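Topology and contacts: notes
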Amino acid sequence: MAANSTWYTLTAIFVAFVGVTGLGLLFVRATNIDRNGLVGALTVLTAIIAAAIMYFSGSTRMSEWALVVVALFSVTGFVFGRALDRWLGAKDLSVDARKGTLGSDLSD
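Notes on the structure follow. Because the structure is a prediction, the values reported are computed rather than measured.

**Quick look at the side chain of Asn36**
Along the chain, the position of Asn36 falls in helix H2 (residues 36-57). For Asn36, the side chain forms a polar contact with the main-chain oxygen of Leu25, separated by 3.3 Å. In contact with Asn36, not counting residues within four places along its chain, are Leu25, Leu26, Val28 and Arg29.

**Some words on the pattern of salt bridges**
Applying the stated criterion to the full structure yields two salt bridges. The shortest N-O distance in the salt bridge between Arg35 and Asp85 comes to 3.2 Å. Of this pair, Arg35 sits in the loop between helix H1 (5-27) and H2 while Asp85 is found in helix H3 (residues 64-88), placing the two residues 50 residues apart along the sequence. Taken as a pair, Arg35 and Asp85 share a single burial class, namely buried. Of the charged contacts, one joins Asp85 and Arg82 as a salt bridge, the two residues approaching to 3.5 Å between their closest N and O atoms. In this pair, Asp85 and Arg82 both sit in helix H3, three residues apart, roughly one turn of the helix. Of the residues examined, Asp85 reaches a relative accessible area of 3% and is grouped as buried. Here the salt bridges share partners, and the residues they tie into one network are Arg35, Arg82 and Asp85.

**Re the packing of H2 against H3**
In a pair of packed helices, the angle between the axes and the distance between the axes together describe the arrangement. For the pair H2 and H3, interaxial distance at closest approach is 8 Å and the crossing angle is 165 degrees. In terms of axis orientation, H2 runs roughly antiparallel to H3. Viewed along their axes, H2 and H3 form a crossing whose handedness is right-handed. Note on element contacts: H3 touches H2 through Leu67, Val70, Phe73, Ser74, Thr76, Gly77, Phe78, Phe80, Gly81, Arg82, Leu84 and Asp85, opposite Leu38, Val39, Leu42, Thr43, Thr46, Ala47, Ile49, Ala50, Ile53 and Met54. In terms of residue class, the contact of H2 with H3 is built from 14 nonpolar, six polar and two charged.

Rules used in this analysis
Residues numbered from 1 in each chain as written. Predicted model: local features only at pLDDT ≥ 70, side-chain atom pairs only at ≥ 80, totals over all residues. Heavy atoms only, no water. Helix = DSSP H or I, 4+ residues; strand = E, 2+ residues; numbered from the N terminus. Polar contact = N/O pair within 3.5 Å; in protein donor to acceptor, adjacent residues only side chain to side chain. Contact = heavy atoms within 4.5 Å. Salt bridge = Lys/Arg side-chain N within 4 Å of Asp/Glu carboxyl O. Buried < 20%, exposed > 50% of the residue type's maximum accessible area, 1.4 Å probe, protein only. Axes fitted to C-alpha atoms, helices over the stretch in contact; angles between N-to-C directions. Parallel < 35°, antiparallel > 145°, perpendicular 65-115°, else oblique. Left-handed = near helix turned anticlockwise from the far one by under 90°. Nonpolar A, V, L, I, M, F, W, Y, C, P; charged D, E, K, R; others polar.

Pasting the structure below:
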């Protein structure tokens, strides 16, 4: 059974939102993410793959559950990126990075 076009549109908006979030992670320095490039790239990659799946499948052939799976798949890049970031541990700050904070990285 094909999904309603409203659900298809909502899923497309959600996937686009995830992609924009990934782009934001690429260009903004998050305080709790050490490797924002890795997390952002994986998020954008899975959002692009999810959008391609939706585009090539078409709204008439996707069921509601398929749309849920595509929406969840678009978020997996962020989840795996964050898990990999935590697994790799904290990045060491270089001397140049410490100069920009004027030693505030040493305070609690």
